[in-house]
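A look at the structure
Okay, here's what each chain looks like letter by letter:
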Amino acid sequence: KSHTAVSAFFFFFNDTATTEIYTLSLHDALPILSSYLTCLAEQVRRHPQVPAIVCDDVVIYSYESLWRQAQALAIQLDAKGVSVGDIVGIHLDKTPDFIVCMLASWMCRAAFVPLAPELPERRLQLMTDECQPRCILSERPISWVSRCSVIAPSAIDISKPGTTSSTFTKPTNADDLAYIIYSSGSSGQPKGVEILQRGLVPIIEAQIAAFRIHQDS
């Protein structure tokens, strides 16, 4: 089955001073596929130089550069032993690098868990004790966990030889875990909710229809 809508991934981030919108949009209509990574890989193939992430009218990544950056990080995660079914903690502010980390986790067939830097250390410790991440991606010193590797995404330079590989791929399965999102914990201890890969594309397509997104949005 194919569709005429345009698939997209939207991230709305608010703080007290400004509201920023990061948009990861697909340029043409794509067939309904089994995973978000499959859709993105097809978009990279079709339109490598089309802007993928734009912030404040500045192009941060094209589809090709986004894919290469995520792939370089995925190779580092793989070297740390991250594989199918593992959890990767993302301890970053909501920036384009957060999106790179999400994609890199999925490229390893791992799932990610957001670890918001503004949360109290006690809560972050409770979350990591429960989900047991194999690796944490962070630009900050971490004192609340000692049993996993820490990688700084900004340290990865895709211009260096060997940081990317056109053959590095671990095709995702619809039943793979995509991410874990924790509740606020306002009624007690925070609870983690698991979201599978099979749910991502339908959610995106529902948002496309609801917000009437098209290729020029």
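Above this text is the structure in question.
Described below are features of the structure shown in this document. What you see is a predicted model, and the numbers here were worked out from it, not measured in a lab. (Residues numbered from 1 in each chain as written. Predicted model: local features only at pLDDT ≥ 70, side-chain atom pairs only at ≥ 80, totals over all residues. Heavy atoms only, no water.)

This part is about empty space enclosed by the protein. According to the stated counting rule, one finds one cavity of 30 Å³ or more in the structure shown. Computed from the structure, the largest cavity encloses a volume of approximately 30 Å³. Around the largest cavity sit R123, L126, M127, E130, Y182, Q189 and P190, which together line it. Across the lining of the largest cavity, the residue classes break down as four nonpolar, one polar and two charged. (1 Å grid on protein atoms, 1.4 Å probe; cavity = no way out; pocket = protein on both sides within 12 Å on 5 of 7 lines; lining within 4 Å. Points joined across faces, edges and corners; volume = space filled by probe spheres on them. Nonpolar A, V, L, I, M, F, W, Y, C, P; charged D, E, K, R; others polar.)

Right, let's talk about the pairing of strand β9 (residues 177-182) for a bit. The buried fraction of β9 is high, at five of six residues. Here β9 runs beside strand β10 (residues 192-196); their pairing, made up of five bridges, is antiparallel. Directly across from L177, in β10, lies its bridge partner L196. (Buried < 20%, exposed > 50% of the residue type's maximum accessible area, 1.4 Å probe, protein only. Helix = DSSP H or I, 4+ residues; strand = E, 2+ residues; numbered from the N terminus. Pairing = 2+ DSSP bridges.)

This brings us to the packing of aromatic side chains. With the rule as written, the count across this model stands at four aromatic pairs. Each ring, one from F98 and one from F112, has its centre 6.3 Å from the other, and the planes form 85°; the classification is edge-to-face. Separated by 14 residues along the polypeptide, F98 in helix α3 (residues 96-107) and F112 in strand β6 (residues 111-114) bring together distant segments of the chain. Here the two residues F98 and F112 agree in accessibility, since each one is buried. (Phe/Tyr/Trp six-rings, centres within 6.5 Å; stacked < 30°, edge-to-face > 60°.)

Turning our attention to the packing of helix α1 (residues 36-46) against helix α2 (residues 63-79). The geometry of α1 relative to α2 is characterised by a closest axis approach of 9 Å and an angle of 130° between their N-to-C directions. Classified by the angle their axes make, α1 and α2 are oblique. Judged by the twist between their axes, the crossing of α1 over α2 is left-handed. Together, L37, L40, A41, Q43 and V44 of α1 and Y63, E64 and W67 of α2 make up the contact between the two elements. Of the residues assigned to the contact of α1 with α2, the class counts are six nonpolar, one polar and one charged. (Axes fitted to C-alpha atoms, helices over the stretch in contact; angles between N-to-C directions. Parallel < 35°, antiparallel > 145°, perpendicular 65-115°, else oblique. Left-handed = near helix turned anticlockwise from the far one by under 90°. Contact = heavy atoms within 4.5 Å.)

So, on to the packing of α2 against α3. Relative to each other, α2 and α3 sit at 55°, their axes nearing to 8 Å. In this view, α2 runs oblique relative to α3, as classed from their interaxial angle. You can see that α2 and α3 cross each other, and the crossing is right-handed. Of the residues in α3, those touching α2 at L66, W67, Q69, A70, Q71, L73, A74 and L77 are V100, C101, L103, A104, S105 and M107. In the contact of α2 with α3, the residues fall into 11 nonpolar, three polar and no charged.

Here the focus is the nonpolar core. Ranked by internal contacts, the top residues of the largest apolar core, which has 42 residues, are L73, L77, L103, W106 and L137. At the level of elements, α1, β3 (51-55), α2, β5 (87-91), α3, β7 (135-138), β9 and α5 (200-211) are the ones that each hand at least two residues to this core. The biggest single contributor to this core is α3, with nine residues. Within the second largest apolar cluster, 15 residues are counted, among which are C131, I136, W144 and C148. (Core = buried A, V, L, I, M, F, W, Y, C linked by side-chain atoms within 4.5 Å.)

Going through the model one piece at a time under the given rule, you end up with seven salt bridges. We note a salt bridge from D86 to R134, for which the minimum N-O separation is 3.4 Å. Of the two residues, D86 is situated in the loop between α2 and β5 and R134 in the loop between α4 (121-131) and β7; the sequence distance between them amounts to 48 residues. Using a relative accessible area of 41% as the deciding quantity, one classes R134 as partly exposed. Ionic pairing is found between R147 and D129, a salt bridge with its closest N-O pair at 3.1 Å. Here R147, found in the loop between β7 and β8 (149-151), pairs with D129, found in helix α4; they are 18 residues apart in sequence, far enough to count as distant. Via salt bridges that share partners, E42, R45 and R46 belong to a single interconnected network. (Salt bridge = Lys/Arg side-chain N within 4 Å of Asp/Glu carboxyl O.)

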